[in-house]
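Here are the chains, one letter per residue:
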Amino acid sequence: MVLVNVEDLHFSYGMIQALKGINFKIDDYKMVGILGSNGSGKTTLLKNISGYLKPSKGNVFIMGKSVYKMRAKDRAMLIGYVPQDMYFDFEFTSYDVVMMGRTPYLRRFQRETEKDVNSVKEAMTLTNTWDLKDRCVNELSGGQRQRVYIARALAQEPKILLLDEPISHLDAKYQIEVLSILKQLTAKGILVFAVLHDINLSSQFCDFILLMKDGEIISMGPPNEVITAENMKIAFSVDADVIRNPITDTPLIVFSKSKGMI
């Protein structure tokens, strides 16, 4: 079964064409990394897949259904979205924030059920945040907050999880921790899309790579097919050597000299 099918997707911000005919299919629960330089269209693609943005042309099908014809509530039950930045003006506990993920399942003024409580606990256990349940989310470290936000999306019980730069502002320990959690989710029947900037971590954790430049996918496939010296030159305007990681046997990029900004 095709989980996600993106067909001839075009999107523009006014006169600026951000996506130019994107096509791909994902037919298995895996971790998909979306790579590319700033302005290549990564976040725009993610928002179109989520249904938050609607393309000028093309379509996105989730399990055979157009995401743009779904009710917002139905989309929320199917797709979890974790944006780059999230901040709460009120002093919500981590538990409160994760419980917000159950909103699609609750009628107006309905109190949380035992199933809602169990779903929240399961999501927080999966993300190692249950011990943070009583702490104000705005007082947590960056890595802790990111895991809480992932738990919030998981509480929706999605089949597709979309994350926009989930490790960009984290130190090395939390980067590995978050990516490890995301990788484990694929074994639980969740397809994960993550916009990432660290090419070597993407190579190590992702099963499939979408490499973008100027609103187009210039290469897609397993890391060993996409992460090549030639593709790094095209996508990032840098000269790089590609060697094999002796521990993970995945492509490892060593940059030599830059001819442009990454």
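Above this text is the structure in question.
The notes below deal with the structure included here.

## Points about the overall build of the protein
Move 1: Within the protein, the secondary structure is distributed over 9 helices and 12 strands.
Move 2: Against the compact-globule benchmark of 18 Å for 262 residues, the protein has a radius of gyration of 19 Å, which places it among compact chains.
Move 3: Relative to its 262 residues, the protein shows a buried fraction of 51%.
Move 4: Looking at the protein alone, contacts between residues at least 24 apart form 62% of all its contacts between residues at least 6 apart.

## Some thoughts on the sheet that holds strand E10 (residues 216-221)
Move 1: The sheet built from 6 strands is open, its strands ordered E6-E7-E8-E3-E9-E10 with mixed pairing. Edge strands, defined here as strands with exactly one partner in the open sheet, are strand E6 (79-82) and E10. Neighbour-to-neighbour, the strand axes of the sheet open up by a mean angle of 15°, direction not taken into account.
Move 2: In the sheet, strand E9 (residues 208-213) pairs with E10 via 5 bridges, with the strands oriented antiparallel. Within E10, the residue paired with Leu210 across the bridge is Met220.
Move 3: Taken strand by strand, helix H6 (residues 172-186) contacts strand E3 (31-36), strand E7 (160-164) and strand E8 (191-195), and its axis lies near 130° from that of E3.
Move 4: This element, helix H9 (residues 229-236), spans E3, E9 and E10 of the sheet and lies at about 40° to E9.

## Some words on the nonpolar core
Move 1: The biggest cluster of nonpolar side chains holds 48 residues, and the ones touching the most others in it are Val98, Tyr149, Leu161, Leu179, Leu182, Val192 and Met232.
Move 2: Per-element accounting of this core gives the leading share, 6 residues, to helix H5 (residues 142-154).
Move 3: With near-sequence residues (within four places) excluded, Leu182 lies in contact with Met31, Ile150, Leu161, Leu163, Pro166 and Val192.
Move 4: The next biggest cluster of nonpolar side chains, apart from the first, holds 32 residues, and it includes Leu19, Leu45, Met70 and Ile217.

## A short note on the pairing of strand E4 (residues 57-62)
Move 1: The pairing of strand E1 (residues 4-13) with E4 spans 5 bridges and is antiparallel. The residue bridging His10 from the neighbouring strand is Lys57, located in E4.
Move 2: Taken together, the 2 bridges between E4 and strand E5 (residues 65-66) define a ladder with antiparallel strand orientation. Across the sheet, residue Ile62 finds its bridge partner in E5, namely Lys65.

## Structural notes on unusual backbone geometry
Move 1: The phi angle at Asn128 is positive, at roughly 55°, despite the residue not being glycine.
Move 2: Examined against the element boundaries, Asn128 turns out to sit in the loop between helix H4 (114-126) and H5.

## Topic: the pairing of strand E2 (residues 16-26)
Move 1: Inspection of the sheet shows E1 paired to E2 by 8 bridges, in the antiparallel sense. Of the residues in E2, the one forming a bridge with Val6 is Phe24.
Move 2: Counting the residues in the hairpin turn of E1 and E2 gives 2 residues, including Gly14, whose phi is positive at 65°.

## So, the environment of Thr250
Move 1: By the secondary structure assignment, Thr250 is in the loop between strand E11 (238-244) and strand E12 (251-258).
Move 2: Taking relative accessible area as the criterion, Thr250 reaches 15% and is therefore assigned buried.
Move 3: Separated by 28 residues in sequence, Thr250 and Pro222 place their C-alpha atoms 10.0 Å apart.
Move 4: Ignoring sequence-local partners within four residues, the contact set of Thr250 consists of Ser203, Gln204, Ile243, Arg244 and Asn245.

Parameters and conventions
- Residues numbered from 1 in each chain as written.
- Predicted model: local features only at pLDDT ≥ 70, side-chain atom pairs only at ≥ 80, totals over all residues.
- Heavy atoms only, no water.
- Helix = DSSP H or I, 4+ residues; strand = E, 2+ residues; numbered from the N terminus.
- Rg over C-alpha atoms; globule rule 2.2 N^0.38 Å.
- Buried < 20%, exposed > 50% of the residue type's maximum accessible area, 1.4 Å probe, protein only.
- Contact = heavy atoms within 4.5 Å.
- Pairing = 2+ DSSP bridges.
- Axes fitted to C-alpha atoms, helices over the stretch in contact; angles between N-to-C directions.
- Core = buried A, V, L, I, M, F, W, Y, C linked by side-chain atoms within 4.5 Å.

Read these as layout, nothing more, since geometry by itself doesn't imply function.
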